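Examination of the molecular architecture
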Amino acid sequence: MNYQEVNFDGLVGPTHNYAGLSFGNVASAKSASQPSNPKQAALQGLAKMKMLSDMGLSQGVLAPHNRPALTHLKQLGFTGSDAQIVEKAYQYNPILLASCYSSSAMWTANAATVSPSSDTSDAKVHFTAANLSNKLHRSIEAVLTHKILQRTFANDQYFAHHQALPMHDHFGDEGAANHTRLAQTHGDVGLHMFVYGKEAFNAHAPAPTKFPARQTKEAFEAIARLHNLPTEQVIYIQQNPDVINQGVFHNDVIAVGNENMLLCHEQAYLDQGKALDTLQTQYSQLNDGAMLNIVEVPTSRVPIDDAVSSYLFNSQLITLPNQETLLLAPCECERNPRVRAYLESLLANNTLHNVYFAELKQSMQNGGGPACLRLRVPLSDEEIQHVNPKTVMNDNLYTQLCTWVNKHYRDSLTQNDLRDPSLITQSHQALDELTQIMNLGSLYDFQID
Ligand code: SUG
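Quick look at the structure, then.

A separate point is the overall build of the protein. The helix and strand tally for the protein stands at 17 helices and 15 strands. The C-alpha atoms of the protein give 21 Å as radius of gyration, which agrees with the globular expectation for 449 residues (22 Å, within 12%). With respect to the principal axes defined by its C-alpha atoms, the protein has extents near 65 × 45 × 45 Å. Burial statistics for the protein: of 449 residues in total, 61% are counted as buried. For the protein, contacts bridging at least 24 residues in sequence account for 76% of all contacts bridging at least 6. Counting only carbon and sulfur atoms, one obtains 48% of the accessible surface of the protein, whose full area is about 17000 Å². Each charge sign in the protein was given a centre, from 30 positive and 43 negative side chains, and these centres are 7 Å apart.

Here it is in structure tokens:
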């Protein structure tokens, strides 16, 4: 059976803004209260999707969430018309309102953990929506994300959907951002590398002290059980707490893998030498002695600060249809002389065949690079036929979505604008129209007057 990896990117929602909500995410803190440009953010994301689709790769789109999250505000006791609820929430605490207005669901690397049908015992593709319990604004995403995945992969003969894990720090789960599937090719047997920040049930285990560890080992153990992954195809590796303390809040800020290649910083993992030896041994046992190509980036070439500010490791590492590798990196990597020089050396020694740079400044300013914006879903040719076709990128969908963004999105949004009642209506109207474009049915729970 032929398998390919399909990237499902999050479409940036109409209320993309900078509220400084993510403690431990350096870019989010730095951009707090800056005006955002939702229109540009959405168009930059769409341009990335189009570029990959034009290269002959299958590319999907996941719908944004409805914001403000009025259901959440009502649950907290705010009453009245939509406009009154928003104003009351702002008066109570502007951060609460900003949390309910965040378009953070755009970073679909945090939407779910995915296991392909080739690895699961029932031969279905399994999805577990991430609970994102560590951040208030992100914890709101879990329920709708589950629903969007069900509408996108809407055939229970091929796809199995699990609700998010219990919403508690012990099972803190940030989805695919901390998960890498390594395999000779996408269709071969896969080794699931689950990277966690702490062990919830072991108070003596190492953990970061300055910034939170958002992902627990216990969460990934639960997902491996839910997805029925064979033990020999699973490995748990702990992130280096020291780099979490320096702003590496997900594994995809310090490592990226694709098929049989893992590009990681030399400080990515706790006790890295041992961790990578174990990874290599397990990989080769699973693959008749074939070796994983591990490329460790030395601190002397790329210090942690540069890795975090350039988001080198948040690049997408992709196998192109002609089997060449492509690293789709953020433009910030091109502008950083150390990172650029390092990438040039990877091209010169043939570790990589192509490096492209994507302009994603609007997302980057909230700590979301190319890899944050996509959920990888390995699918067989047959399974692709059963994905909602209106979520698969092509020239027509691209044009429709660009027209839709240009019609509905603002080109500037400040924290004070979140009080504007017309933003509620604009956002609802936009999303209502989107459900038709993407054939999503009555996905959202608001009423259009
Ligand atoms: O969860 N930023 C997101 C960025 C997610 C990046 N995803 C991956 N690395 N896969 C986060 O920290 C910022 C929101 C704000 O401050 O307005 C935010 O949620």
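Next comes the rest of the write-up.
Across the five residues of strand E10 (residues 261-265), five count as buried, placing the element largely inside the fold. For strand E9 (residues 255-258) and E10, the ladder comprises four bridges, and the chain directions are antiparallel. Within the sheet, the bridge partner assigned to Gly257 lies in E10 and is Leu262. A loop of two residues connects E9 with E10, the two strands running antiparallel in sequence, and Glu259 in this loop sits at a positive phi of about 45 degrees. Alignment of E10 against strand E11 (residues 293-297), held across five bridges, turns out to be parallel. Residue pairing across strands places Cys264 opposite Glu296, the latter belonging to E11.

Counting across every chain of the model gives 15 salt bridges. The salt bridge partner of Asp54 is Lys50, with a shortest N-O separation of 2.9 Å. Separated by four residues within a single helix, Asp54 and Lys50 lie in helix H2 (residues 38-54), roughly one turn from each other. Among the residues examined, Asp54 registers a relative accessible area of 51% and is labelled exposed. With a relative accessible area of 17%, Lys50 lands in the buried category. Through salt bridges with shared partners, a single ionic network connects Lys50, Asp54 and Asp395.

Before going further, it helps to examine the sheet that holds strand E2 (residues 59-62). Hydrogen bonds along the backbone pair up the strands of a sheet, which may run parallel or antiparallel. On the basis of which strands lie adjacent, the open sheet formed by three strands has the order E2-E1-E15 and mixed pairing. Edge positions in the sheet fall to E2 and strand E15 (374-380), since each has one partner strand and no second. Neighbour to neighbour, the strand axes of the sheet diverge by 30 degrees on average, direction disregarded. Those strands touched by H2 are strand E1 (3-10), E2 and E15, and its axis lies near 155 degrees from that of E2.

Criteria and thresholds
- Residues numbered from 1 in each chain as written.
- Predicted model: local features only at pLDDT ≥ 70, side-chain atom pairs only at ≥ 80, totals over all residues.
- Heavy atoms only, no water.
- Helix = DSSP H or I, 4+ residues; strand = E, 2+ residues; numbered from the N terminus.
- Rg over C-alpha atoms; globule rule 2.2 N^0.38 Å.
- Buried < 20%, exposed > 50% of the residue type's maximum accessible area, 1.4 Å probe, protein only.
- Contact = heavy atoms within 4.5 Å.
- Areas by Shrake-Rupley, 256 points an atom, 1.4 Å probe, with all protein chains shown as cover.
- Lys, Arg positive; Asp, Glu negative; His and termini not counted.
- Charge placed at Lys NZ, Arg CZ, Asp CG, Glu CD.
- Pairing = 2+ DSSP bridges.
- Salt bridge = Lys/Arg side-chain N within 4 Å of Asp/Glu carboxyl O.
- Axes fitted to C-alpha atoms, helices over the stretch in contact; angles between N-to-C directions.

Function cannot be read off these values alone, since they describe shape.
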